[in-house]
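Geometric and topological summary
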Amino acid sequence: MGKKLMQNKQKNSLQREEKNVGNMSQQHTEEKIRIDRHDKIKKKMFWVISLLFLVLFIVLGLQSGTSGDEFDLIEQAKNVINYYKTFGEDTTAISETGRAGNSRDYGQTPDNIACLIATVFGIEDIVTVRHIINAIFGWIGMLFAALLAYRISRKWYAAIITAVLLFLSPRYLGHSFNNPKDIPFAAMMMMGIYYIYYFLQTVPRPPKKVVIMLAVSIGLAIGVRVGGLLLIAYFGLFTVIYFVAQWYYASKANKLQSKRKVKGKVSEKNKIGKLFIRLFVYGLLISVSGYFLAVFIWPYALEKPFENIYEVYKKMSQFQVSLRQLFEGSMQWSDVLPWYYTPKYILMSIPVAVILGVILYPFVGGWKKENRTSLLFVYFTFIFPVFWIVYTHANVYGGWRHVLFAYPPMVVAAGLGFNALVELFKNRYLKITAMLLPALLLIMPLTHIVKNHPYEYVYFNELAGGTDTMYGNYEMDYYYHSTREASEWIIANAEKNGLETGSKIIVSSWHPASVGYFFRHDTSKFQTGFLRWNERGNHDWDYSIFVITGMMPEQIKSEHFPPKNTVHTINVNGKPICLILKREDKSDMKGFQYKSENQIDSAVHYFKKALEADEYNEVVMVNLIETYFQSGMIDSAKQYIDRVLAFIPLHETVNYLLAHYYLSKNNFDDALLVINKIIDNNFKFGGAYHLASNAYIQRNDLISAGKMLERLIDIDQLDNQSAQRLIEIYKAQGANEINAYRRLYSTIATSLEKRGKEKEAMEYRNLANGIR
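In this text, all values refer to a predicted model and were calculated from it rather than measured experimentally.

Cut-offs and rules
- Residues numbered from 1 in each chain as written.
- Predicted model: local features only at pLDDT ≥ 70, side-chain atom pairs only at ≥ 80, totals over all residues.
- Heavy atoms only, no water.
- Patch = residues over 30% accessible without salt bridge, like charges linked within 9 Å, V, L, I, M, F, W, Y side chains within 5 Å.
- Areas by Shrake-Rupley, 256 points an atom, 1.4 Å probe, with all protein chains shown as cover.
- Salt bridge = Lys/Arg side-chain N within 4 Å of Asp/Glu carboxyl O.
- Helix = DSSP H or I, 4+ residues; strand = E, 2+ residues; numbered from the N terminus.
- Buried < 20%, exposed > 50% of the residue type's maximum accessible area, 1.4 Å probe, protein only.
- Contact = heavy atoms within 4.5 Å.
- Lys, Arg positive; Asp, Glu negative; His and termini not counted.
- Core = buried A, V, L, I, M, F, W, Y, C linked by side-chain atoms within 4.5 Å.
- Pairing = 2+ DSSP bridges.
- Right-handed = clockwise from strand over helix to strand, strands pointing away.
- Phe/Tyr/Trp six-rings, centres within 6.5 Å; stacked < 30°, edge-to-face > 60°.
- Lys NZ or Arg CZ within 6 Å of the ring centre and 35° of its normal.

Together, Phe276, Ile277, Phe280, Val281, Leu284, Val288, Phe292 and Phe306 make up a nonpolar patch on the protein surface, roughly 810 Å² of accessible area in all. Tracing the backbone shows Val281 in helix α10 (residues 265-297). The exposure class assigned to Val281 is partly exposed, which follows from its relative accessible area of 47%.

Now the structure itself:
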């Protein structure tokens with residue numbers, strides 16, 4: 001009886017255990033189904049959001065203005081189409097002549113696509129076509145960044161947050177409207193990085209689409225700019241790292257097999273050998289295919305596939321064009337900007353959410369053993385380009401647009417960081433809180449986008465203090481987007497006031513190509529022209545458009561800015577980034593005409609009349625000062641010199657004239673103080689060195705006089721006249737003519753050597769040694 005009870009008890013216990021196991025299995029299955037269902041929902045959400053962003057990229061891009069070099073690129077694109085139409089007989093696309101300048105050094109694939117579409121379909125408004133193409137490339141960059149975040153984490157939330165972070169990055173979004181070099185390049189680099197990762201995930205048998213798309217990415221990246229060669233370097237580097245890791249694990253496995261006397265040691269070696277061959281063949285096939293795709297779509301490369309690409313690579317590595325940039329409140333030359341220019345600009349002008357996400361990822365899951373490789377992969381692809389710019393002292397300008405291609409991988413890291421933070425918590429409410437964190441941090445950039453469209457890219461984050469704090473200290477609308485809105489305002493509001501020279505209203509600007517484009521349908525009423533800000537009183541115009549880029553920071557921040565005849569401004573967060581001036585009086589122009597004809601009294605009369613309209617018009621005062629100098633009435637000029645320097649202390653021309661004033665009074669010390677002030681502010685102001693040399697000569701200080709002229713060598717401004725002056729100074733110091741020339745050539749050679757121009761330096765060394 002007891003035995004039977006015991007058996008029944010055991011049977012019941014077994015049934016209960018089987019039921020519990022069944023329930024657990026059912027719960028596990030239900031949980032898996034629930035997770036799969038949620039994953040499918042998030043996947044659908046991702047694609048819905050992505051398609052919505054595509055529409056927004058295009059719609060927002062259609063409302064933007066043109067970029068600074070847009071029309072040069074349009075002209076070059078037409079040349080490229082003609083090159084292929086004539087099978088290379090029309091060589092304009094590969095020449096250095098014409099308005100396109102150095103455009104042959106870029107494959108500019110997006111521009112060529114836009115021009116081809118406009119040509120085939122007879123579309124007159126090519127700018128609109130270009131902006132659509134550009135916006136699509138911006139979206140492609142966002143898409144592949146998001147897909148990489150998913151491929152690494154296998155979580156669609158990571159893809160969603162990456163897409164949102166990139167779309168709500170005002171700098172990236174704004175450049176997507178009309179930056180035809182940096183955004184397409186960033187998109188193709190991001191696509192290439194995605195397929196490199198995909199390739200390494202699927203070797204030794206990667207899908208054909210991966211192989212093809214990786215080659216296409218490389219080809220199109222190089223086809224935008226030669227820096228796309230970096231994708232081949234990335235591919236090679238990460239493939240080598242992958243192979244070394246596999247070899248290391250195989251070696252460990254072989255040792256373990258040897259200890260256990262397990263057969264198969266040879267097969268492990270064979271696997272590694274086969275892997276090496278596969279990787280080598282794939283690497284060669286993909287890299288060569290990508291390279292020659294770029295050659296085929298780039299006319300200058302097609303002429304000499306290796307020689308010309310290498311020439312362009314060297315030229316871009318030692319970019320010679322130097323532009324003055326507003327940075328940290330002063331105008332600085334782009335070839336001597338502080339080493340931290342690029343990293344500082346990035347950190348000031350990207351959403352705080354991205355910065356936080358990048359910092360978070362290594363600490364909330366990125367440094368786990370299973371994630372470590374992908375973390376290093378992603379972080380390397382955005383840290384290395386910035387590091388290289390800093391290390392090589394690269395010549396960059398226009399904020400950090402030249403390194404925009406490093407930004408999408410950075411946003412991938414941020415997306416992975418926020419995803420890992422959400423995954424860290426098991427509690428539902430903590431998960432929701434973690435999801436809300438990036439949303440809260442994106443409020444400021446979203447507000448900026450909504451409030452300031454289409455000037456999204458004029459953005460500084462909370463850490464920098466926003467646009468208000470940065471205004472007058474850093475570049476604003478350096479790509480001249482605002483000329484469109486300014487032009488449209490004039491078309492809608494301009495009225496004749498009786499001052500017009502002819503039957504048309506003259507609209508002049510620093511950027512006549514873009515302004516002229518927006519007036520192309522209104523030429524019966526308007527005439528457009530070119531006008532510099534610091535010459536705005538010298539020429540005939542009725543309305544003028546000026547983007548503040550290039551203006552003196554002290555003037556921009558002055559209480560007397562903008563000028564009194566400003567009738568409309570284009571603003572970002574209440575700060576004017578573009579001015580529209582209306583001519584109410586042409587006394588300044590008449591004064592300049594009389595000044596040019598040396599009719600001093602009439603010139604002075606009209607300049608003073610112009611100052612009655614605006615007593616802080618520095619252009620009129622500079623003209624008046626020069627007029628007094630021209631007539632020998634230097635003392636009369638002094639009051640106007642003081643008036644200008646009272647609100648623009650670093651005005652170069654006026655300080656230069658002040659130094660002349662002191663020299664006329666034999667006040668050498670004050671003259672040299674002013675000259676050094678000019679040089680400290682702008683070391684490429686050649687006239688200051690000449691003036692300083694003259695001052696030292698008058699003080700019988702030939703050594704200092706010679707040193708001042710020698711400094712012209714370092715800025716490549718030593719012309720023949722200056723060289724002869726330097727020779728005379730050397731001779732006055734006791735050198736004969738041969739030694740004077742030898743010293744000059746040796747000094748030039750030393751300067752060139754310091755700047756890394758070894759070939760040119762050697763030529764001057766040979767000249768110095770060859771003089772007898």
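Topologically, Ala688 is positioned in helix α29 (residues 686-698). Not counting residues within four places of it along the chain, the set of residues in contact with Ala688 comprises Tyr656, Ile675, Ile678 and Ile679.

Right, let's talk about the side chain of Arg171 for a bit. With respect to the helices and strands, Arg171 occurs in helix α6 (residues 170-178). In this structure, Arg171 is buried with no salt-bridge partner, the nearest side chain bearing the opposite charge being Glu475 at 9.2 Å. Residue contacts for Arg171: discarding those within four places in its chain leaves Tyr345, Ser349, Trp400, Glu456, Tyr457, Tyr459, Phe460 and Tyr478.

Scanning all chains against the criterion turns up 30 salt bridges. Here Arg104 and Asp105 are joined by a salt bridge, their closest N and O atoms 3.8 Å apart. For the salt bridge of Arg536 with Glu618, the shortest nitrogen-to-oxygen distance reads 3.0 Å. Taken together, the residues Arg536 in the loop between β4 (526-530) and β5 (543-547) and Glu618 in helix α25 (residues 618-631) connect sequence positions 82 residues apart. Pair check on accessibility: Arg536 and Glu618 agree, each one buried. Taken together, the salt bridges that share partners define one network made up of Arg104, Asp105, Glu311 and Lys315.

Turning to the environment of Asn82, a few remarks are in order. Considering the arrangement of structural elements, one finds Asn82 in helix α2 (residues 70-85). Sequence separation between Asn82 and Asn623 is 541 residues; the distance between their C-alpha atoms is 47 Å.

If you look at the biggest cluster of nonpolar residues, it comprises 167 residues, and the most contacted ones within it are Leu148 and Phe199. Counting 57 residues, the second largest nonpolar core, distinct from the first, contains Ala637, Tyr689, Leu691 and Tyr730.

Taken across its five residues, strand β3 (residues 505-509) has five buried, putting it largely inside the fold. When β3 meets β4, the two strands line up parallel, connected through five bridges. Residue pairing in the sheet places Ile505 in a bridge with Phe526 of β4. Traced from β3 through helix α21 (residues 512-518) to β4, the parallel crossover comes out right-handed. One ladder, built from three bridges, connects β3 with β5; its direction is parallel. Bridge pairing in β5 places Ser508 opposite Ser544.

A few words now on the packing of aromatic side chains. Taken as a whole and judged by the stated rule, the model has 55 aromatic pairs. When the centroid spacing of 5.3 Å and the interplanar angle of 90 degrees are considered together, the rings of Tyr83 and Tyr84 count as edge-to-face. The partly exposed category is assigned to Tyr84, whose relative accessible area is 29%. Taken together, the ring pairs in this structure connect Tyr197, Tyr234, Phe238, Phe377, Phe380, Phe384, Phe387, Trp388 and Tyr391 into an aromatic cluster. The cationic tip of Arg151 hangs over the ring face of Tyr198; the distance from NZ or CZ to the ring centre is 3.6 Å. Over the ring of Trp533 we find Arg536; its NZ or CZ atom is 3.8 Å from the centre of that ring.

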